[in-house]
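The primary structure of each chain is shown beneath.
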Amino acid sequence: MVIVLTKIYRVDPDNIDLSVIEEAATILRKGGLVVFPTETVYGLGALITNRPAIKRIFEVKGRPMDNPLIVHVSDKERFLELVRDPPPKILELIDRFWPGPLTIVWWKKPIVPDEVTAGLPKVAVRAPAHPVALKLIEVAGEAIAAPSANRSGKPSPTKPEHVIEDLYGLVDLIIDSGETLHGIESTIIDFTVKPPKLLRPGALPIEVVEEILGEKIIVTDTARGIVESEKPEAPGMKYRHYAPETELLVVETDDYIGKLNLLVEKIRSIVVERKSRGLKIAILCSSETCNKYRDLDVIVIELGSREKIYTVTRRLFETLRRLDHIGVDLAIAEGFEEKGLGLTIMNRLRKAASQKIIKV
Ligand code: TXA
Ligand code: MG
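Everything quoted here is computed from the prediction, not taken from an experiment.

### Comments concerning the packing of helix α4 (residues 88–97) against helix α8 (residues 206–213)
Two quantities define a packed helix pair, namely the angle between the axes and the distance from one axis to the other.
At step 1: Interaxial distance between α4 and α8 falls to 10 Å at its minimum, and their mutual angle equals 130°. In terms of axis orientation, α4 runs oblique to α8. The chirality of how α4 crosses α8 is right-handed. Contact residues: α4 offers K89, E92, L93, R96 and F97, while α8 offers V208, V209, I212 and L213.
At step 2: Considered class by class, the residues forming the contact of α4 with α8 number six nonpolar, no polar and three charged.

Right, here's the structure in full:
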């Protein structure tokens, strides 16, 4: 892989320095790679029609070539240039949720190169709700293909330091606009099948999409992070994901009100057993339960509140990354109720734990 000089520019989203955006757009037009902030996570961008640049995205991420990229547009009009006759329901969703963390999968027009969709006849598109991302797309004058700006398999970057850790020397420019808002990726829904199917739960709870759609979205075990499918719907699903080097165990229940104490007790007993083998342990817990582990000689990491579940999504990836820096042998995470953003959290936790799941 070619090592390049990576520029890092700080851009204030409330007062965008246009000269930086113009330089970034120039880099993109010359086939370069630009990391930019979105409201979900940082994206690693290239212009969709620049085939060598698209190829380079796969190289620098270490991403398998059969895992397609999300295309980022500024608005509905640009979306319509890329896809074939979307139904009124999709347009309604766009009016309601764009710009925002909803990625729509629909039939592509030939203008979208096969390299971007990994040969699939469908393309995944979204408009990011971040002023810097929107300005960059606008000035570049073309849609931008962008996966999350991490090395393949690592948690997605929510801060510029995560991007630097993974991609410094591999990309031409990193635009640093601080920590991202949601800290978790967009929700991906495939509308080419009926009923529509959730490919990846994300920052937009599916319940609010269902309300507009007037129908239920199919949630498979794969979308719940439970089984790795043989022939993946979102090809990215089959690969090891979000995984820290540290061994991670998830303890879950089907009743987070009635059985929460049981769940805590289970984690405590695992800690006692593993500590007797000399392991150093971290516990990832909710604000509601963290104090129940403080008497154990472990590192207690508070993810956020079950009542304000977005606080958990926001901190999840950063915490998974941190695990590898704090020198523990095992991390044990509490599960969360699988509704709203809880579905998204469980998808990421189960994948990060490579199916090491204990039920109480
Ligand atoms: O929030 C996000 O979605 C971030 C920011 C940068 O926008 N992007 C992101 O991209 O998470 P990435 O590449 O890390 O994840 C995209 C997922 C992959 O699992 C991929 O398989 C799926 O979207 N995907 C992309 N195009 C697809 C398609 N045409 N059909 C089915 N799945 C697709
Ligand atoms: Mg990713």
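Anyway, onward from the coordinates.
### Comments concerning the domain arrangement of the protein chain
At step 1: If you check the domain split of the protein chain, you get domain 1 (7–219) and domain 2 (247–359).
At step 2: Taken over C-alpha atoms, the centre of domain 1 sits 30 Å from the centre of domain 2.
At step 3: Contacts between the two partners involve 25 residues from domain 1, matched on the other side by 15 residues from domain 2.
At step 4: Carbon and sulfur atoms make up 54% of the surface buried where domain 1 meets domain 2, a total of about 1,600 Å² over both sides.
At step 5: Linking domain 1 with domain 2 are four salt bridges.
At step 6: A salt bridge links K159 to E318; the nearest nitrogen and oxygen atoms lie 3.1 Å apart.
At step 7: One can count ten residue pairs in polar contact (both at pLDDT 80 or more) joining domain 1 with domain 2.
At step 8: Those elements giving two or more residues to the side of domain 1 that touches domain 2 turn out to be α7 (160–167), β10 (197–200) and α8.

### Focus: the sheet that holds strand β12 (residues 281–286)
At step 1: The sheet built from five strands is open, its strands ordered β13-β12-β14-β11-β15 with parallel pairing. Edge positions in the sheet fall to β13 (299–304) and β15 (357–359), since each has one partner strand and no second. Neighbour-to-neighbour, the strand axes of this sheet turn through a mean angle of 20°, independent of strand direction.
At step 2: Alignment of strand β11 (residues 247–252) against β15, held across three bridges, turns out to be parallel. The partner of V251 across the bridge, within β15, is I358.
At step 3: Sheet strands in contact with helix α11 (residues 341–352) are β11, β14 (330–334) and β15, and its direction is about 135° off that of β11.

### Focus: the state of the cysteines
At step 1: Scanning the model with the defined rule gives one disulfide in all.
At step 2: Here C285 connects covalently by a disulfide to C290, the sulfurs 2.1 Å from one another. Torsion about the S-S bond of the C285 and C290 cystine: about 100°, corresponding to right-handed handedness.
At step 3: A relative accessible area of 0% means that C285 is categorised as buried.
At step 4: With a relative accessible area of 1%, C290 lands in the buried category.

### Re the sheet that holds strand β5 (residues 102–107)
At step 1: Across the sheet, ten strands lie side by side as β1-β8-β2-β3-β7-β4-β6-β5-β9-β10; this open sheet has mixed pairing. With partners counted over all chains shown, the strands left at the sheet margins are β1 (7–10) and β10, one partner each.
At step 2: Where strand β2 (residues 34–36) meets strand β8 (residues 173–176), two bridges bridge the pair, whose relative direction is parallel. Within β8, the residue paired with V35 across the bridge is I174.
At step 3: The strands touched by α7 within the sheet are β1, β2, β3 (43–47) and β8, with β8 carrying the most contacts at an inclination of about 165°.

Cut-offs used in this document
- Per chain, residues are indexed from 1 in the order of the written sequence.
- Going through the entries in the order they are written, you letter the chains from A and number the ligands from 1.
- At least 70 in pLDDT is required for a residue's local features to be given in this predicted model, at least 80 for side-chain atom pairs to be given and counted, and no such filter applies to totals for whole chains, interfaces and linings, which use all residues.
- Note that the side-chain values use all heavy atoms of the structure and ignore hydrogens as well as water.
- To define axes, lines are fitted to C-alpha atoms, for helices over the stretch in contact only, and angles between the resulting N-to-C directions are given on a 0 to 180 degree scale.
- Each helix is a run of H or I in the DSSP string that is no shorter than four residues. Each strand is a run of E no shorter than two, and both are numbered from the N terminus.
- We call two directions roughly parallel when the angle between them is under 35 degrees, roughly antiparallel when it is over 145, roughly perpendicular when it lies between 65 and 115, and oblique otherwise.
- In a left-handed crossing the near helix is turned counterclockwise from the far helix by less than a right angle, and in a right-handed crossing that turn is clockwise.
- Contacts were defined at the residue level, with two residues in contact if any of their heavy atoms lie within 4.5 Å.
- Each residue gets one of three labels, nonpolar for Ala, Val, Leu, Ile, Met, Phe, Trp, Tyr, Cys and Pro, charged for Asp, Glu, Lys and Arg, and polar for the others, Gly among them.
- An automatic or database domain assignment is the source of the domain bounds shown.
- The term buried area refers to how much accessible surface (probe radius 1.4 Å) is lost by two components on association, counted for both of them together.
- Basic side-chain nitrogens of Lys or Arg form a salt bridge, by our definition, when they fall within 4 Å of a carboxyl oxygen of Asp or Glu.
- A 3.5 Å cut-off defines polar contacts: any pair of N or O atoms within that distance qualifies, except that in protein one atom must be a possible hydrogen donor and the other a possible acceptor, and neighbouring residues in sequence count only when both atoms are side-chain atoms.
- Pairing between two strands requires that DSSP report at least two bridges joining them.
- Criterion for a disulfide: a pair of cysteine sulfur atoms within 2.5 Å.
- For each residue, the accessible area found with a 1.4 Å probe, counting protein chains only, is set against the maximum for its type, and the residue is called buried under 20%, exposed over 50%, and partly exposed in between.

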